[in-house]
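An overview of the molecular structure
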Amino acid sequence: MAKFRSSYVCQNCGAITQRWQGKCESCGEWNTIIEEAAALGIGGAVARRGAAGRPFPLEELAGAARPEPRLITGIAELDRVAGGGFVPGSTTLIGGEPGIGKSTLLIQACAAVARSGGRVVYVSGEESTAQVRLRAARLGLADAPVQLAAQTFVEDIVATLGSGDAPKFVVIDSIQTMWSDAIESAPGTVSQVRGSAQALIRFAKASGAALLIVGHVTKDGQIAGPRVVEHMVDAVFSFEGDGAHAFRLLRAAKNRFGATDEVGVFEMTGGGLDEVPNPSALFLADRDGGANPGAAVFAGVEGARPLLVEIQALVAPTTLGTPRRAVVGWEPSRLAMVLAVLEAHGGMKLGQYDVYLNVAGGLRIMEPAADLAAAAALISSLTGASLPRDAVYFGEIALSGSVRAVAHPGLRLKEAAKLGFAKAFAPPLPRADGEGANIAVQPIGTVATLVALIASSAVETRAARASAPARSEVTN
Ligand code: TYD
Ligand code: MG
């Protein structure tokens, strides 16, 4: 087999080529390929050439049913995403944009674990220990027995962690700042990141420490450079949020020890990250008090958690040749589809109107179940009829104009009932899905039904408006 002294590695996706190229064939990025010393053997480990393999004992699948107790940090929203605490010896990669609160979350987790006993180490490659201490003091965690270091050299870090008591919980902030002597390329390159991660993961496995590694993400949300690291770790979490809003979502993109549909919700406050056990209440907190055409509450589900959020629409006559369609927090293509269905099957004429759609609170909705709520908000804005304030909406709209069933109807209805909603507009529920929830379900089979229902209340609203001045004249 040919041996290469150096290879060319894309710093975005980790793809390896044998010559320099301006554009990476694998991920399409430009100017990301640089020359690096070739990794020797798998993952940089030097192959023991010529050494004969020794047999080792194999174990029974049935014999290993001894579940290790998980490490509970005490931050319930974090433990939930981890699948009920962290597995000793496991490695978790936490990605997120700069400034989203990764370091804050992890120092809080460190302090919580340290207070319950055991050795906890926080290694920062980005901040000095003084800076980390300052933040901890601001968060009221200064007295927690967390061991700090500002180091980036992996061999030293592993040696330090390996001396003294075995650590229970280790945080490396961040993997992009780490470098190892075993790798010849420059710090910050994909090979360095991969090599450093490998050394740290090996340490975690051998010592039984729960290891959390911070990874930076690129502007399009991928963990910068080391996609390769995602394959090496046991779990990948992403910490997301909108800079303009205080809430943060922690999602599991991969988890070998738990479900990936768990979501942790936090709120960034002056005193660090607060857990949000009831996110619907947070997202509905700034609802207008009065009746408001164009606003519909969507009963959504994030991961396996119900989440109620307001969808706002504005349909206004256009002054442009091509009307504007702007959407924040939802898929523009789904808006286009809902508008087309409303025109084709709901008899609504939207060609002369600008359409704006916004998901309140800065949340990003991925679910097609939001179709019905978006449609209700749009119809309400166009007709000027306020929707009932105590109603929620969910359902997927098909191109045929029918409203389709979605996952977790029972969960949505229960959450809505819990928050005081009395009515749900939903696709016809086949089974007793809503049973037990104290809420009236109005089945909506087609978009035409929804339009007729809202339009009839618009007629009532107009009649009420028209009769109101007349009445006041009489009383005057
Ligand atoms: P940080 O945890 O440093 O983000 P990351 O490690 O993901 O880059 O968080 C930085 C932001 O969090 C910063 O913009 C200020 C804000 N913040 C608060 O609002 N309250 C706090 O108590 C702390 C510590 C940070
Ligand atoms: Mg940080």
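To keep things clear, this report deals only with the structure shown in the data block. Note that the structure is predicted; figures quoted are calculated from it, not measured. (Residues numbered from 1 in each chain as written. Chains lettered and ligands numbered in written order. Predicted model: local features only at pLDDT ≥ 70, side-chain atom pairs only at ≥ 80, totals over all residues. Heavy atoms only, no water.)

Let's shift gears to the sheet that holds strand β17 (residues 391-393). Sheets are built from strands that pair by backbone hydrogen bonding, the pairs being arranged parallel or antiparallel. With respect to topology, 7 strands assemble into an open sheet ordered β15-β16-β14-β13-β17-β20-β21, the strand pairing being mixed. Strands with a single pairing partner mark the edges of an open sheet, and in this sheet they are β15 (325-328) and β21 (440-443). Each strand axis lies, on average, 25° off the axis of its neighbour in the sheet, ignoring direction. Examined bridge by bridge, strand β20 (residues 423-426) and β21 share 4 bridges and lie parallel to one another. If you follow Ala426 over to β21, its bridge partner there is Pro443. Across the sheet, helix α9 (residues 371-383) lies against β13 (295-302), β14 (305-317), β16 (353-359), β17 and β20, angled at about 30° from β14, the strand it touches most. Sitting on the sheet, helix α10 (residues 409-418) touches β13, β14, β17, β20 and β21, and the angle it makes with β13 is about 125°. (Pairing = 2+ DSSP bridges. Helix = DSSP H or I, 4+ residues; strand = E, 2+ residues; numbered from the N terminus. Axes fitted to C-alpha atoms, helices over the stretch in contact; angles between N-to-C directions. Contact = heavy atoms within 4.5 Å.)

This next bit is on the site of ligand 1. Taken together, 16 residues lie near ligand 1, and Gly99, Lys102, Ser103, Thr104 and Arg135 sit nearest. Taking Arg135, its side chain carries an N or O atom lying 2.7 Å from an oxygen atom of ligand 1. Look at ligand 1: alone it shows 560 Å² of surface, and the protein chains cover 72% of it. The set of elements that each furnish at least two residues to the shell around ligand 1 consists of α2 (102-115), α3 (129-138) and β11 (263-269). The biggest single contributor to the shell around ligand 1 is α2, with 3 residues. Per-class residue counts for the shell around ligand 1 are 4 nonpolar, 8 polar and 4 charged. (Near = heavy atom within 4 Å. Polar contact = N/O pair within 3.5 Å; in protein donor to acceptor, adjacent residues only side chain to side chain. Areas by Shrake-Rupley, 256 points an atom, 1.4 Å probe, with all protein chains shown as cover. Nonpolar A, V, L, I, M, F, W, Y, C, P; charged D, E, K, R; others polar.)

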